[in-house]
Amino acid sequence: MPPPPKFSLFYGHRNPSRNRPTVRGSRLSPPKPNPTPTQSQPFDLSKWDPHQSPPPTSSNPNPNPAVPLSFLSPIARFILDAFRKNRNRWGPPVVAELQKLRRVTPDLVAEVLKVQNDPVSASKLFHWAGKQKGFKHTFASYNALTYCLNRTNRFRSADQVPDLMESQGKPPTEKQFEILIRMHSDANRGLRVYHVYEKMKKFGVKPRVYLYNRVMDALVKTGHLDLALSVYGDFRGDGLVEESVTFMILIKGMCKCGRVDEMLGLLDRMRVSLCKPDVFAYTAMIKVMVSEGDLDGCLKVWEEMRRDRVEADAMAYVTLVTGLCKGGRVEKGFELFREMKEKGFLIDRAIYGVLVEGFVEDRKVGAACDLLKDLVGSGYRADLGIYNSLIKGLCDVKRVDKAYKLFRVAVQEGLGPDFATVSPILVSYAEMRRMDDFCELLAEMEKCGYPVIDDLSKFFSIIAEKEDGVMTALEVFEDLKVKSYSSVAIYNILIAALQKFGKVKKALSLFDEMKGFDFQPDSSTYSSAIMCYIEEGDLHEACACHNKIIEMSFVPSIAAYRSLATGLFNVGEIDAVMLLVRDCLASVTSGPTTFKYSLTVLHACRSNNAEKVIDVLNEMMQQGCPPDHVIYSAIISGMCKHGTIEEARKIFSNLKERKLITEANMIVYDDMLLEHMKKKTADLVVSGLKFFGLESKLRAKGCKLLSG
């Protein structure tokens, strides 16, 4: 027979009274036995009702909402349960539940507010408790309210708690302000920290050195160095003595802002009044300046460290050498590297890597190769990044054979060279027209498991970036096609490059050749073809390419949309331009600015007021977007549909006066305006004839105007 359970505090429930509600169980009560699971009944199809919804099932068969709050006292759980039953809404039902209690103490208020996540309910409870007879809030309840408000992102309300304490006869102490400062500091709200500090001075509370340091650190981290220096002035005015942390906070802030002279002056004051900075402090200063790119300031700090006879450690050397090499001062970095070797420091392979990269950027490939020999002689194994830098440097100085040997070494060492390794060699072979070596390298890449076709796409993207490289790319591609090294992506890159540099006929010949080789063009191919056809003046083929893209359920590029809109405008197809604009904005994530403003222009035309349209154009130009053919189409379309020709002419006259369009363009646009108005008028007449049933009568009399 199992022993009887041991009871702690109480078990079961106590009798309720007017001031003590019923409380069942406690956190020290013995666990209740699990109920025996009932066996599910077999499914009977004859009793199944398809219109009856099944009972809701919970993912947790034995939910116990009191488990997270089990550390609270029973009365605190009762108060929270009263809020829960009323959905955290303060009102008479909650007050009625609270009035069942004999008294809500300040400690009980603090206990509830520590876990309450609704700021409104927490504030209501706080103020209701304060209205009890003889009740006075304690520091614990005020602090709990502050934490609750900050936890729910009501930090501005939390800043008013000291004023509330003052009004209720409980002047705030330094601890209350420290809580606010710590909260704002952790959330990187530097200006709120300064606001709390000013309020602290208004209440006559003087911070300790620790709190001063916390305020200055928060201001420095959020980029408010001048405010931090003003706080430091108050610090000295209060007669407090600086700690090393105080000096380092301000010195780091000055280093970050590039105020080196002020930093050196503060460093002298630190030496006189406290002590000389150690190697860790100097390393921290150098690290901050390196992150800001202030290399001159780094070297000044380095000289100050030597003047103080502070021995630099490996971390200080590594920080400065890395910054100098990445900042283009590799020679100075190499001097410090030699100092490290003379002092016997263990030099990391990463230092060799940044030095090699720096020498390659300065086109001093010989020095970079000497570093590789030194690296291997020191017992290290070069990583792939070092090999990539050296191969690129050798190819830049036309030493491609030596670069190829390094590539072979990287393969033999099993480093797994990538495209960044072979791309400089491929580019050099292409520029030197060494196609046999080029194809041999491709074959070797295939043996190593490279995705050669994908890498060739990247290669052509690199070499076709410049105009003089496009023809080289075409010559290389002619040789590669014979060996079946071709793909749709390569064709797309070459067609786009040729179109970019104005070689439209060659781009279209590649487009035709691509279709002849049974390659299926994709949306990128057709988008480039649209721009080529528009430049050639073949609007029909451009529209055919656009329709092909739509049939493939793809979307043309934004550049293709722009080009096609220009082509349609040039032939007076204003309605087609506006349809294209709507199609573009409905299909792409972020369309061109002129496309978006064209709809605003259309809306402004509804007022038949040229000034409103000009205001829209001014707003668009303030954003750095001058009007183009799409905007002109919107003006013509909007004014022909909602306004008058006179108002449209006022808009174009304004653009001509501001020299946004020429006199010749204005004449052309005026002709387009008249033609479009004629079309719209004719459409209205035809629609009226059809509406009144006069179309058949006119045809019976031999009228052929409506035959279209």
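Here the structure is a predicted model, which is why all the values come from computation and not from measurement.

(A) Region of the structure containing the overall build of the protein chain. Looking only at helices and strands, the protein chain features 37 helices and zero strands. Sequence separation of at least 24 residues holds for 61% of the intrachain contacts in the protein chain that already meet a minimum separation of 6. For the protein chain, the accessible area works out to roughly 39,000 Å², and carbon and sulfur atoms hold 53% of it.

(B) The side chain of N213, seen in detail. Along the chain, the position of N213 falls in helix α10 (residues 209–221). The class of N213 is buried, set by a relative accessible area of 7%. Non-local contacts of N213, meaning those with residues more than four positions away in its chain, are made with E243, V245, T246 and I249.

(C) Region of interest: the packing of aromatic side chains. In the structure shown here, the tally under the stated rule is 27 aromatic pairs. Aromatic side chains W302 and Y317 sit 5.1 Å apart centroid to centroid with 65° between the ring planes, which places their arrangement in the edge-to-face category. Pair noted here: W302 is in helix α15 (residues 295–307) and Y317 is in helix α16 (residues 314–326), with a separation of 15 residues, a long-range link. In this structure Y317 comes out as buried when scored by relative accessible area, which is 1%. Ring centres of F459 and F460 lie 5.1 Å apart, and the angle between their planes is 65°; this geometry places the pair in the edge-to-face category.

(D) Representation of the side chain of Q176. Mapped onto the fold, Q176 is located in helix α8 (residues 174–186). With near-sequence residues (within four places) excluded, Q176 lies in contact with F139, N143 and M165.

(E) Structural view of a positive patch on the surface. Together, K373, R399, K402 and K405 make up a region of like positive charge exposed at the surface. Mapped onto the secondary structure, K405 falls in helix α21 (residues 400–412).

(F) Inspection of the pattern of salt bridges at higher detail. Under the counting rule described, the total for this entry stands at 38 salt bridges. A salt bridge links E335 to K332; the shortest N-O distance between them is 3.7 Å. Of this pair, E335 and K332 are both found in helix α17 (residues 330–343), three residues apart, which corresponds to roughly one turn of the helix. Judged by relative accessible area, K332 falls into the partly exposed class, the value being 28%. One network of salt bridges, with partners in common, ties together E174, E178, R182 and R208.

(G) Structural detail: helix α30 (residues 558–570). Given a rise of 1.5 Å per residue, 13 residues ought to cover 18 Å, and the 19 Å separating the end C-alpha atoms of α30 matches this to within 8%. Here α30 has its buried residues at A560, Y561, S563, L564, A565, G567, L568 and F569.

(H) Just the state of the cysteines, in detail. Across all of its chains, the model carries zero disulfides by this definition. Cysteine C532 remains unbridged, with the sulfur of C545 as its closest cysteine sulfur at 9.3 Å.

(I) Structural context of unusual backbone geometry. Residues other than glycine seldom take positive phi values, yet K398 does so here, at roughly 65°. Mapped onto the elements, K398 comes out in the loop between α20 (384–396) and α21. Even without being glycine, S484 reaches a positive phi, approximately 65°. Tracing the sequence through the fold places S484 in the loop between α25 (467–482) and α26 (488–500).

(J) Examining the packing of α16 against α17 more closely. At a closest axis distance of 8 Å, the pairing of α16 and α17 adopts a crossing angle of 155°. Considering their axes alone, α16 and α17 lie roughly antiparallel with respect to each other. Viewed along their axes, α16 and α17 form a crossing whose handedness is left-handed. Counting all contacts with α16, which are made through Y317, V318, L320, V321, L324 and C325, the residues of α17 involved are V330, K332, G333, L336, F337, E339, M340 and K343. Its residues placed into classes, the contact of α16 with α17 shows ten nonpolar, one polar and three charged.

(K) Representation of the environment of A507. Take A507: it is sitting in helix α27 (residues 504–516). The exposure class of A507 is buried, given its relative accessible area of 1%. In contact with A507, other than residues within four places in its own chain, are I495, L498, Q499 and C532.

(L) Structural view of the packing of α10 against helix α11 (residues 225–237). Taken N-terminus to C-terminus, the directions of α10 and α11 make an angle of 165°; their axes are 8 Å apart at the nearest point. What the angle tells us is that α10 and α11 run roughly antiparallel. Handedness of the α10/α11 crossing: left-handed. In this structure, α10 uses V209, Y212, V215, M216, L219 and V220 to contact α11, whose residues at the interface are L225, L227, A228, V231, Y232, D234 and F235. Broken down by class, the residue content of the contact of α10 with α11 amounts to twelve nonpolar, no polar and one charged.

(M) A look at the confidence of the model for the protein chain. For the protein chain, per-residue confidence averages 84 on the pLDDT scale, and residues scoring 70 or more make up 88% of the total. The lowest-confidence element of the protein chain is helix α37 (residues 695–700), averaging 68 in pLDDT; the highest-confidence one is α30, averaging 93. Of the regions scoring below 50 in pLDDT, residues 6–13 engages in 16 contacts with residues more than four places distant in sequence or in other chains. Low confidence marks residues 24–32, where pLDDT is under 50. Its contacts with residues over four positions away, or in another chain, come to 16 contacts.

(N) Focus on the environment of C625. Tracing the sequence through the fold places C625 in the loop between α33 (610–622) and α34 (629–642). Residue class for C625 comes out buried when judged on its relative accessible area of 11%. Between the C-alpha atoms of C625 and T594, which are 31 residues apart in sequence, the distance is 7.2 Å. Apart from the residues lying within four places of it in its own chain, the contact partners of C625 are T593, T594 and M620.

(O) Representation of α25 in the model. The set of residues buried in α25 consists of G469, V470, T472, A473, L474, V476, F477, L480 and K481. In this structure, the buried side of α25 is in contact with α22 (419–431), α23 (435–447), α24 (452–463), α26 and α27. Within two residues after α25, S484 carries a phi angle of roughly 65°, on the positive side.

What counts as what
Residues numbered from 1 in each chain as written. Predicted model: local features only at pLDDT ≥ 70, side-chain atom pairs only at ≥ 80, totals over all residues. Heavy atoms only, no water. Helix = DSSP H or I, 4+ residues; strand = E, 2+ residues; numbered from the N terminus. Contact = heavy atoms within 4.5 Å. Areas by Shrake-Rupley, 256 points an atom, 1.4 Å probe, with all protein chains shown as cover. Buried < 20%, exposed > 50% of the residue type's maximum accessible area, 1.4 Å probe, protein only. Phe/Tyr/Trp six-rings, centres within 6.5 Å; stacked < 30°, edge-to-face > 60°. Patch = residues over 30% accessible without salt bridge, like charges linked within 9 Å, V, L, I, M, F, W, Y side chains within 5 Å. Salt bridge = Lys/Arg side-chain N within 4 Å of Asp/Glu carboxyl O. Lys, Arg positive; Asp, Glu negative; His and termini not counted. Charge placed at Lys NZ, Arg CZ, Asp CG, Glu CD. Expected span 1.5 Å × (residues − 1). Disulfide = S-S within 2.5 Å. Axes fitted to C-alpha atoms, helices over the stretch in contact; angles between N-to-C directions. Parallel < 35°, antiparallel > 145°, perpendicular 65-115°, else oblique. Left-handed = near helix turned anticlockwise from the far one by under 90°. Nonpolar A, V, L, I, M, F, W, Y, C, P; charged D, E, K, R; others polar. pLDDT = per-residue confidence, 0-100.

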